[in-house]
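Analysis of the macromolecular model
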Amino acid sequence: MRDPFLMLGIESSCDDTAAAVVRSDGEILSSEVTGQAALHAAYGGVVPELAARAHAERLDIAVETALAAARTRLAELSGIAVTAGPGLIGGVLSGVMCAKGIAFGTGLPLVGVNHLAGHALTPRLTDNLPYPYLMLLVSGGHCQFLIVRGPDDFRRLGGTIDDAPGEAFDKCARLLALPQPGGPHVERVAAGGDPGAIRFPRPLLDRPGCDMSFSGLKTALLRARDADVAEHGGLPERRRADLCASFQAAVADVLAEKSRRALAVYMEEAPGTPSFAVAGGVAANGVIRARLETVAAGAGARFVAPPLALCTDNAAMIAWAGIERMRAGHRDGMDLGARPRWPLDTSSPALIGGGRKGAKA
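Residues numbered from 1 in each chain as written. Predicted model: local features only at pLDDT ≥ 70, side-chain atom pairs only at ≥ 80, totals over all residues. Heavy atoms only, no water.

**Focus: the sheet that holds strand 6 (residues 133-138)**
Taken together, five strands build an open sheet; the order of strands is 8-7-6-9-10 and the sheet is mixed. For this open sheet the edge positions go to strand 8 (153-159) and strand 10 (302-304), each flanked by a neighbour on one side alone. Shown here is a sheet whose adjacent strand axes are inclined to one another by a mean of 25 degrees, direction ignored. Contacts between helix 9 (residues 237-267) and the sheet are confined to strand 6, strand 7 (143-150), strand 8 and strand 9 (275-279), with strand 6 contributing the most and set at about 155 degrees to the helix. (Pairing = 2+ DSSP bridges. Helix = DSSP H or I, 4+ residues; strand = E, 2+ residues; numbered from the N terminus. Axes fitted to C-alpha atoms, helices over the stretch in contact; angles between N-to-C directions. Contact = heavy atoms within 4.5 Å.)

Written as structure tokens, this is what we have:
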């Protein structure tokens, strides 16, 4: 296939309906994202059935809007990339069926993309990062360290064995009566608190390896909150800020230490230009991002963090992953299926408890 060519990307794995048009030279011509926060606000989290119905109603509009913003037509595209998993199965299925319909009607090639690969390959889109590089995927449903060697070549060094950090932030917000999604609100409140006020545990730091756990941290927060309520007859705002800051500091400490260990393993491959990239919704947290940048500098590795709009779920990353897979000769047929789980590293054993918490763990 001759460069440059245009790829339509479709993303619907959780609660963001997204479509984008990306050119094979890395230029994002359009990226449209419609969130569902208001739809799920009353429930304290994403309701899969509501999310799936919203995707089915909005996907065609998202595609039309992305094409119009890119000032292009379906006939000018060279392919369609769609998230085929992992994620909430109803949402993934909505996106796959939409992409199949467009592909069937236009005759365009169809490329199924692993949502996690979309995040993992984003530094290639934004910074043209050479292989191999170390990637930390950290968001609401997943958290893992990967050595990225190619569009379909990933080695997992470790990951969360229970809650992902984003899920832990959401539960922290729920326990402290903060709005959802929890991450941005916890970070905002934490800015006014003392990160050393409460000594929360740093799970699994006493064990070797790069695996992580955040479920116990959430339980420790619950106990600290209950103790404050019992002592003060409620939860003072100052104490709420201290809880948020201390919780955020604990997560940052765990991610920083595990990143040091992952970098040490990655550096054994002697990459010509060592690079450490981070992506996913939690990568938007300023405190965590700064800690990871410091760790990368200490290891002599280049630190890459995509723009915030490309850290959260979006279709531009799916379009780019589709471009890389298409260049490698990959195509999918009308038998492309939607997958609730889809590990990037199929040679490594499943994480203990992996996938038990959250849709994309």
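**Re the pairing of strand 4 (residues 79-85)**
Burial runs high along strand 4: seven of the seven residues are buried. Looking at chain direction, strand 4 and strand 5 (residues 110-114) are connected through five bridges and run parallel. Within the sheet, the bridge partner assigned to I80 lies in strand 5 and is L110. Running through helix 3 (residues 89-106), the crossover from strand 4 to the neighbouring parallel element strand 5 is right-handed. (Buried < 20%, exposed > 50% of the residue type's maximum accessible area, 1.4 Å probe, protein only. Right-handed = clockwise from strand over helix to strand, strands pointing away.)

**Side note on helix 6 (residues 165-175)**
Among the eleven residues of helix 6, eight are classified as buried, and the element is accordingly described as predominantly covered. Residues of helix 6 that are buried make contact with strand 6, strand 7, helix 7 (182-190), helix 8 (215-232), helix 9 and helix 10 (286-298). Following helix 6 by one or two positions, A177 has its phi on the positive side, about 60 degrees.

**Some details on unusual backbone geometry**
The omega angle of the peptide bond from G85 to P86 is -15 degrees, so this bond is cis rather than trans. Relative to the assigned elements, P86 resides in the loop between strand 4 and helix 3. The residue A270 is not glycine, and still its phi comes out positive at about 50 degrees.

**Brief notes about the packing of helix 7 against helix 9**
As a packed pair, helix 7 and helix 9 sit with axes 7 Å apart at the nearest point and diverge in direction by 115 degrees. What the angle tells us is that helix 7 and helix 9 run roughly perpendicular. Read as a crossing pair, helix 7 and helix 9 show a hand that is left-handed. Here V186, E187, V189 and A190 of helix 7 lie close against helix 9, whose contacting residues are R240, A241, C244, A245 and Q248. Across the contact of helix 7 with helix 9, the residue classes break down as six nonpolar, one polar and two charged. (Parallel < 35°, antiparallel > 145°, perpendicular 65-115°, else oblique. Left-handed = near helix turned anticlockwise from the far one by under 90°. Nonpolar A, V, L, I, M, F, W, Y, C, P; charged D, E, K, R; others polar.)

**Things to note about the packing of aromatic side chains**
Scanning the model with the defined rule gives three aromatic pairs in all. A ring pair is formed by F169 and F247, whose centres lie 5.5 Å apart and whose planes are at 85 degrees; its orientation type is edge-to-face. One end of the pair, F169, is in helix 6; the other, F247, is in helix 9, and 78 residues separate them in sequence. Of the two residues examined, F169 and F247, each falls in the buried class. Ring geometry for F276 and F303: centres 6.1 Å apart, planes at 65 degrees, overall edge-to-face. Placement of the pair is F276 in strand 9 and F303 in strand 10, with a sequence separation of 27 residues. Since its relative accessible area comes to 0%, F276 is described here as buried. Take F303: its relative accessible area is 18%, and that puts it in the buried class. It is R124 that lies over the ring of Y131; its NZ or CZ is 4.0 Å from the centre. (Phe/Tyr/Trp six-rings, centres within 6.5 Å; stacked < 30°, edge-to-face > 60°. Lys NZ or Arg CZ within 6 Å of the ring centre and 35° of its normal.)

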